[in-house]
Amino acid sequence: MEKPAGTSKKNIYILIAYFFLWIILFEYILPVNRFLPKPSIVILSLKDLWNFYRLPQNFLYSVAAIYLSLIVSYLLLYFLRNILLLKNHLFADIILSLHWFFKYVPAIILGLFFIYWLPQSFYTEFIFIFLTSFLMMVIKLKEKVPKVNKEFIEAAISLGAGEKIIREKIIWKAVQPDLLKFFPDLHFFLWSVLLAFEYIKGGFGLGNIFRMALQYKDLSILFSTTAIVGIVIYLGSFSILYIKNKFIHWSTT
Amino acid sequence: MRDEPCILELKNVSKFFSGHSGFKLHVLDNINLKIESSSYGAMFSVLAPFGAGKTSLLKIIAGIEKSSGGIVKLNNLELDHPSGKIVFIPEKPSSFPWLNVKQNIEFVSTFRKYKLNVDHLINLVGLTGYENHFPNERSLGFRFRISLARALAVEPKFILLDDPFKNFLKETKREIIDLIEEVKNSSSTCFILTTTNISDAINLSNEIFLMKNHPGQIFHSIKVERDKIKALDKNYFASIKNQIESSYMAYEGIHLISEIK
């Protein structure tokens, strides 16, 4: 089974070694420093993270924004596949023209406009992340279509299949392995954008915990939240690849 | 199943490809061809060197590509779009890797509203017991069998085979040739094969069309007596081979002979 990058046995051993090094170095040798927190303080700060920084609400807020966006984007892509896979279609062309913004304007800057235009709510965040995710998927889809094996298309045409069937049953299926392969990268990108968005916007989300932790100069909260984000992204990537391996078992190369 | 015979006709078919720089490549020139299918299956070969436009010719016959000039007729009706009566099997594997053997054949029923005898087709191509297997990571021969069964599912008049044996192992090639013979004999489907291999053309065909390159042009045809080939008549085989070689020599000179095997 394909695994997320950096999850080989060797890498896990290195990670465990770092963990013990952190304990030994910062618990016993350098207990007072500005780089990393003392392990025992991190453990003690978990209560604050839970109560004062409201980890459960903020965690659910960010996780819901990311995973709902990914699911809704993919479903929308699926339902619109017939239009999006058309060669010359106004709707598909309009969406693709937005590619320019994503290529030359960092997504987070577009997020600033969302913060300015829309009220502070979960929906603002969801709409922003959903749009980012959907557009990235459309761009990837369009990028992969010309690379579909022409033999599949020619065989279907000669059997008498119509254009709609070719788009829905051949091209859509043929691009799935590459599309799903791109999802772990998209997932990581969305987390980065979301955390920056929440940091700037304030209010809720893991990004807001980072903002508060920096305000209070709370190194242990910064550290434990980073660990939580890392674990969530790892599990997310792992789940995406699990789903890919389970349902997209073929390769077209 | 025995059907009425039908006639495939190509009249003055030509093909040009234009490059971005305005460069125009003349691929096919004035192709005239008449293939009459009988009430029993038959095999026709187009023997040509590499780059003669064999694939383009088959794609034009199948309606996948438009010709730059000329017409293709089936039973006196002009073919301007793929109808399923002429099915093209590409050189590279074309079985869909996301569908298993059975689903690949059943794919046809998504746009053809008649009941398919999938089990019969699977049996015909020798894939009984492999219904739920996926083509990915299977041999080229396995994938070809799927493509053939799927092609037969639309009950075509002609199946076009684009140099199918090129990448097969020797044993696989023998098995596939036997399979095609069997299919040909059990149905009224005719096959049109393109090849660069003289022996394949002689061993398999009822008629061989000789094609030259730059631009692709059919300049001669030779009928083959199947009974003599089946009886392993070496002299007859050699005489056909000589006819082919001397035709190429007379038409284009020795250099083309080196390009066909």
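Before reading on, note that the structure itself is shown above.
Here goes a summary of the coordinates provided. In this text the structure is predicted, and so the values were computed from the model without any measurement. (Residues numbered from 1 in each chain as written. Chains lettered and ligands numbered in written order. Predicted model: local features only at pLDDT ≥ 70, side-chain atom pairs only at ≥ 80, totals over all residues. Heavy atoms only, no water.)

We now examine the overall build of chain A. Check the secondary structure of chain A and you find twelve helices and zero strands. When the helices and strands of chain A are listed from N to C terminus, the series reads α-α-α-α-α-α-α-α-α-α-α-α. Taken along its principal axes, the extent of the C-alpha atoms in chain A is 75 × 45 × 30 Å. Long-range pairs, those at least 24 residues apart, make up 75% of the contacts in chain A between residues at least 6 apart in sequence. Separation between the mean location of the 25 positive side-chain charges and that of the 14 negative ones in chain A comes to 2 Å. (Helix = DSSP H or I, 4+ residues; strand = E, 2+ residues; numbered from the N terminus. Contact = heavy atoms within 4.5 Å. Lys, Arg positive; Asp, Glu negative; His and termini not counted. Charge placed at Lys NZ, Arg CZ, Asp CG, Glu CD.)

Right, let's get into the overall build of chain B. Looking only at helices and strands, one finds eight helices and ten strands in chain B. Principal axes of the C-alpha set define a box for chain B whose edges measure 50 × 50 × 40 Å. Relative to its 261 residues, chain B shows a buried fraction of 55%. A sequence separation of at least 24 residues applies to 72% of the contacts in chain B between residues at least 6 apart. Within chain B, one finds 33 positive and 29 negative side-chain charges whose respective centroids are separated by 2 Å. (Buried < 20%, exposed > 50% of the residue type's maximum accessible area, 1.4 Å probe, protein only.)

Here the focus is the packing of aromatic side chains. All names here are of chain A. Counted by the stated rule, this structure contains 31 aromatic pairs over all chains. Their ring planes at 75° and their centres at 6.4 Å tell us that Tyr-53 and Tyr-216 sit as a pair that is edge-to-face. Of the two residues, Tyr-53 sits in the loop between α2 (39–51) and α3 (55–79) while Tyr-216 sits in the loop between α11 (206–215) and α12 (219–247), which places them 163 residues apart along the sequence. On the basis of an interplanar angle of 15° and a centroid distance of 6.0 Å, the ring pair of Phe-126 and Phe-130 is categorised as stacked. Taken together, the positions of Phe-126 and Phe-130, both in helix α8 (residues 122–144) and four residues apart, correspond to about one turn of that helix. This pair shows no difference in class: Phe-126 is buried, exactly as Phe-130 is. (Phe/Tyr/Trp six-rings, centres within 6.5 Å; stacked < 30°, edge-to-face > 60°.)

Let us look at helix α1 (residues 9–29) of chain A. Residue and element names in this part refer to chain A. Along its 21 residues, α1 runs 29 Å from first to last C-alpha, staying within 8% of the 30 Å computed at 1.5 Å per residue. All buried positions along α1 are accounted for by Trp-22, Phe-26 and Glu-27. Looking straight down α1, one finds its buried side chains confined to an arc of 95°; they lie on one side. Exposed side chains of α1 directed beyond 90 degrees from the buried face belong to Lys-9, Lys-10, Tyr-13, Tyr-28 and Ile-29. Residues of α1 that are buried make contact with α2 and α12. (Expected span 1.5 Å × (residues − 1). Arc of directions from axis to C-beta.)

This part covers the environment of Lys-212 of chain B. Residues and elements named next belong to chain B. Within the secondary structure, Lys-212 sits in strand β9 (residues 207–212). Its relative accessible area of 7% is what places Lys-212 among the buried residues. The spacing of Lys-212 and Asp-227 is 15 residues in sequence and 28 Å in space, taken between C-alpha atoms.

Every contact between the two is made by 20 residues of chain A and, on the other side, 26 residues of chain B. Taken together, the two surfaces of chain A and chain B that pack against each other cover about 1900 Å², and 73% of this comes from carbon and sulfur. Across the contact surface, chain A and chain B share one salt bridge. One can count three residue pairs in polar contact (both at pLDDT 80 or more) joining chain A with chain B. Among the secondary structure elements, those contributing two or more residues to the side of chain A that touches chain B are α9 (150–159) and α10 (163–201) of chain A. Take the side of chain A that touches chain B: its biggest share by element is nine residues, from α9 of chain A. Looking at side-chain class alone, the side of chain A that touches chain B contains ten nonpolar, five polar and five charged residues. (Buried area = accessible area lost by both parts, 1.4 Å probe. Salt bridge = Lys/Arg side-chain N within 4 Å of Asp/Glu carboxyl O. Polar contact = N/O pair within 3.5 Å; in protein donor to acceptor, adjacent residues only side chain to side chain. Nonpolar A, V, L, I, M, F, W, Y, C, P; charged D, E, K, R; others polar.)

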